[in-house]
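Chain residues, written in single-letter form:
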Amino acid sequence: MTIACFVSGSGTNYQRIVERDPNHNYVVFTNRPGCEGILKARVNGHIVIELSHVPYFRGAREKYGGIIPRNCLEREKYEQDVWQLIENRIPKMPDLVCLAGYDLVFTDWTIERYPSKILNVHPGDTTKGYAGLHWIPTAKAILAGDEGIRSTLFLADKGLDTGPVLVQSKPLDIFSALEAEDSADLHKVISYAKRLSITTYEHFTEAADAAHKEIMKGVCERLQGALKVAGDWEIYPFAVHDLIARGRAAVDDRKIYIDGRQMPAYGYRMDEELPK
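The structure displayed is predicted, hence computed values, not measured ones.

Colleague: Would you mind going over the packing of helix H8 (residues 180-195) against helix H10 (residues 210-244) with me for this structure?
Modeller: Helix-helix packing is described using two parameters, namely the angle between the two axes and the distance between the axes. At a minimum axis separation of 10 Å, H8 and H10 run at an interaxial angle of 130°. Considering their axes alone, H8 and H10 lie oblique with respect to each other. For the crossing formed where H8 meets H10, the hand is left-handed. Residue-level inspection shows Asp182, Asp185, Leu186, Lys188, Val189 and Tyr192 of H8 in contact with H10, the latter providing His212, Ile215, Met216, Val219 and Arg222. When grouped by side-chain class, the residues that make up the contact of H8 with H10 number 6 nonpolar, 1 polar and 4 charged.

Put into structure tokens, the structure is as follows:
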């Protein structure tokens, strides 16, 4: 397979994918030239392509009043130039596109160009609506009363973390993953949230005081780090090499099939057997 990996930082997800099976044709792109992920790609001897998004987006925040729209002309032009660079360097279009710590969202133009071929990983259960960046999905799970957190690997669509789910990690027990001090702090935050009848992240951001917000952020960041290792680094290589490369996974509209069996909405879970 020809696999295009998009990185913006350390490139650890990309590295785990390669370590599972280096015998594919890898091309690695970054929007942040010189990032650590690109250094890893050079050591691995893979094709490296770099193109900063900054010149393309310069002035766009002022133009659009702060947030740059996902499908604006500036983003689309950038992606068109990115794919031209990539497709000019490889003999055929990639069989798979892996967003491996890439910090830009794709426009509809790219989603339509590579339908059902773009994988992304999220540090939370997208089927429960635990969207958001970084530590926020973990905070949502805690406030909802979940005892464990999962990473989700899904096929990117035109929404934000709304694509059909391919794989979810084993649940990481929240309290077992924490040191004693963090565990005690989390108990305090949970008790505080219960006293105020807080069950959602949105309510927490509105009602909680600064001290409890800071505790929640710190604890969730450490949990996110643990989930990256126990979740992301397990499900990404598994999905790419054990499922997709072996022809075990198929997509029909938004339905996911593994070994010919239709998966539930949460996809294949690493702690469960395939449905009969």
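The discussion continues.
Colleague: What is the right way to read the pattern of salt bridges from this model?
Modeller: Charged atoms that come close allow side chains of opposite charge to pair. The tally for this structure, following the rule as stated, stands at 20 salt bridges. Among the ionic pairs, Lys40 bridges to Glu36, the shortest N-O distance being 3.0 Å. Of the two residues, Lys40 and Glu36 both sit in helix H2 (residues 36-44), 4 residues apart, roughly one turn of that helix. Salt-bridge contacts for Asp146 lead to Lys128; the nearest nitrogen and oxygen are separated by 3.4 Å. Highlighted residues: Asp146 in the loop between helix H7 (136-143) and strand S6 (148-149) and Lys128 in the loop between strand S5 (118-122) and H7, separated in sequence by 18 residues. Overall, the relative accessible area of 47% leaves Lys128 in the partly exposed class.

Analysis parameters
- Residues numbered from 1 in each chain as written.
- Predicted model: local features only at pLDDT ≥ 70, side-chain atom pairs only at ≥ 80, totals over all residues.
- Heavy atoms only, no water.
- Axes fitted to C-alpha atoms, helices over the stretch in contact; angles between N-to-C directions.
- Helix = DSSP H or I, 4+ residues; strand = E, 2+ residues; numbered from the N terminus.
- Parallel < 35°, antiparallel > 145°, perpendicular 65-115°, else oblique.
- Left-handed = near helix turned anticlockwise from the far one by under 90°.
- Contact = heavy atoms within 4.5 Å.
- Nonpolar A, V, L, I, M, F, W, Y, C, P; charged D, E, K, R; others polar.
- Salt bridge = Lys/Arg side-chain N within 4 Å of Asp/Glu carboxyl O.
- Buried < 20%, exposed > 50% of the residue type's maximum accessible area, 1.4 Å probe, protein only.

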